[in-house]
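Coordinate inspection notes
Each chain is listed here by its residues.
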Amino acid sequence: KAGVTQTPRYLIKTRGQQVTLSCSPISGHRSVSWYQQTPGQGLQFLFEYFSETQRNKGNFPGRFSGRQFSNSRSEMNVSTLELGDSALYLCASSGDRNTDTQYFGPGTRLTVL
Amino acid sequence: AQKITQTQPGMFVQEKEAVTLDCTYDTSDPSYGLFWYKQPSSGEMIFLIYQGSYDQQNATEGRYSLNFQKARKSANLVISASQLGDSAMYFCAMGRMEYGNKLVFGAGTILRVKS
């Protein structure tokens, strides 16, 4: 089975721009979660989508949004980028049960200049 | 609120020796899961091992075992027979099993294996 894929792998943007990151889960997985990883704050949960519905949300401003498509692929969008949004964005997919393990993709490294 | 504490910022271990990475957690939920992930310098998070709060036996996966002490709220990872490829950052994480997939991570421990 192919793993979780994320595109693009690297991205450079300037302040004020917006960005869209994409995540394709493992085949058959309907849950997709997004995490932000920074040296200062560590790994923080952004949101989770399950069957095209946001099921959980972390404590991030409304500039961070996401969606999930009928094929379970997910996108996250960050509008009005700030320098502090520079981070590794990780996507994880899992099966239907809450006890299922989350498997992560390689991440998208976003740099905001 | 859930919290994960990893008190060892960095660890060294000699190749072929065993090493224990500490993890303590705090939660009031009766049902939860504990996970360990490995993150090499490439950035990808690699799942290592899982322990459910109701599991009676400690989890094992190859060279990895999880020393689960529920009363002490600890879930230490033991890596036996360390290899050079084990050098990486290791994260302990917890999920609330009743509330979907949302993991809370510790700060991580950098492990360096010496030859």
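Quick notes on the rules
Numbers given to residues run from 1 along each chain, matching the order in which its sequence is written. For this description, chains carry letters from A and ligands carry numbers from 1, given in the order in which they are written. Where local features are concerned, this predicted model is filtered to residues with pLDDT of at least 70; where side-chain atom pairs are given and counted, the filter is 80 or more; whole-chain, interface and lining totals use all residues. Side-chain measures here rest on the full set of heavy atoms in the structure, leaving out hydrogens and waters. By convention in this document, the label disulfide applies to cysteine sulfur atom pairs within 2.5 Å. Each helix corresponds to a stretch of at least 4 residues labelled H or I by DSSP, and each strand to a stretch of at least 2 residues labelled E; elements are numbered beginning at the N terminus. Between 30 and 60 degrees the pair is tilted, below 30 it is stacked and above 60 it is edge-to-face, where a pair is any two Phe, Tyr or Trp rings, Trp via its six-membered ring, whose centres lie within 6.5 Å. Residue exposure (1.4 Å probe, protein chains only): buried if accessible area is under 20% of the type maximum, exposed if over 50%, otherwise partly exposed. Think of it this way: DSSP has to see at least two bridges between two strands before they count as a pair. Note on contacts: a residue pair is in contact if any heavy atoms of the two residues lie within 4.5 Å. Between Lys or Arg on one side and Asp or Glu on the other, a salt bridge is scored when a side-chain nitrogen of the former is within 4 Å of a carboxyl oxygen of the latter.

The bond known as a disulfide is covalent and runs between the sulfur atoms of two cysteines. Residue and element names in this part refer to chain B. The full count for this structure, using the stated rule, is 2 disulfides over all chains. A sulfur-sulfur separation of 2.0 Å characterises the disulfide bridge that pairs Cys23 with Cys92. Where Cys23 bonds to Cys92 through sulfur, the torsion about that S-S bond is close to -60°, and the disulfide is left-handed. Highlighted residues: Cys23 in the loop between β3 (19–21) and β4 (24–26) and Cys92 in strand β10 (residues 88–96), separated in sequence by 69 residues.

What follows concerns the packing of aromatic side chains. A full pass over the atoms with the stated rule returns 14 aromatic pairs over all chains. Geometrically, the ring pair formed by Tyr35 of chain A and Phe104 of chain A is tilted, given 5.5 Å between the ring centres and 45° between the ring planes. Taken together, the residues Tyr35 of chain A in strand β4 (residues 31–38) and Phe104 of chain A in strand β10 (residues 103–104) connect sequence positions 69 residues apart. Accessibility expressed as a relative area gives 0% for Tyr35 of chain A, which makes it buried. Relative to Phe105 of chain B, the ring of Tyr35 of chain A lies with its centre 5.6 Å away and its plane at 90°, an arrangement referred to as edge-to-face. With Tyr35 of chain A in strand β4 and Phe105 of chain B in strand β11 (residues 103–105), this residue pair bridges two chains.

All names here are of chain B. Counting buried positions over the 8 residues of strand β5 (residues 32–39) gives 8, a clear majority of the element. In β5, alternate side chains face the same way, and those of Tyr32, Leu34, Trp36 and Lys38 on one face and Gly33, Phe35, Tyr37 and Gln39 on the other are all buried. When β5 meets β10, the two strands line up antiparallel, connected through 8 bridges. Paired with Lys38 across the two strands is Tyr90, which belongs to β10.

When you line up the elements, Asn76 of chain B lands in strand β9 (residues 74–79). When sequence neighbours within four positions are dropped, the list of residues in contact with Asn76 of chain B reads Thr20, Leu21, Asp22, Cys23, Trp36, Ser65, Leu66 and Asn67 of chain B.

What follows covers the pattern of salt bridges. Pairing is possible between side chains that carry opposite charge, provided their charged atoms lie close to one another. Under the criterion given, the structure shown has 8 salt bridges over all chains. A salt bridge links Arg63 of chain B to Asp86 of chain B; the shortest N-O distance between them is 2.8 Å. Linking Arg63 of chain B in the loop between β7 (60–61) and β8 (64–69) with Asp86 of chain B in the loop between β9 and β10, this pair joins segments that are 23 residues apart in sequence. Taken together, the shared-partner salt bridges connect Arg63, Glu82 and Asp85 of chain A into one network.

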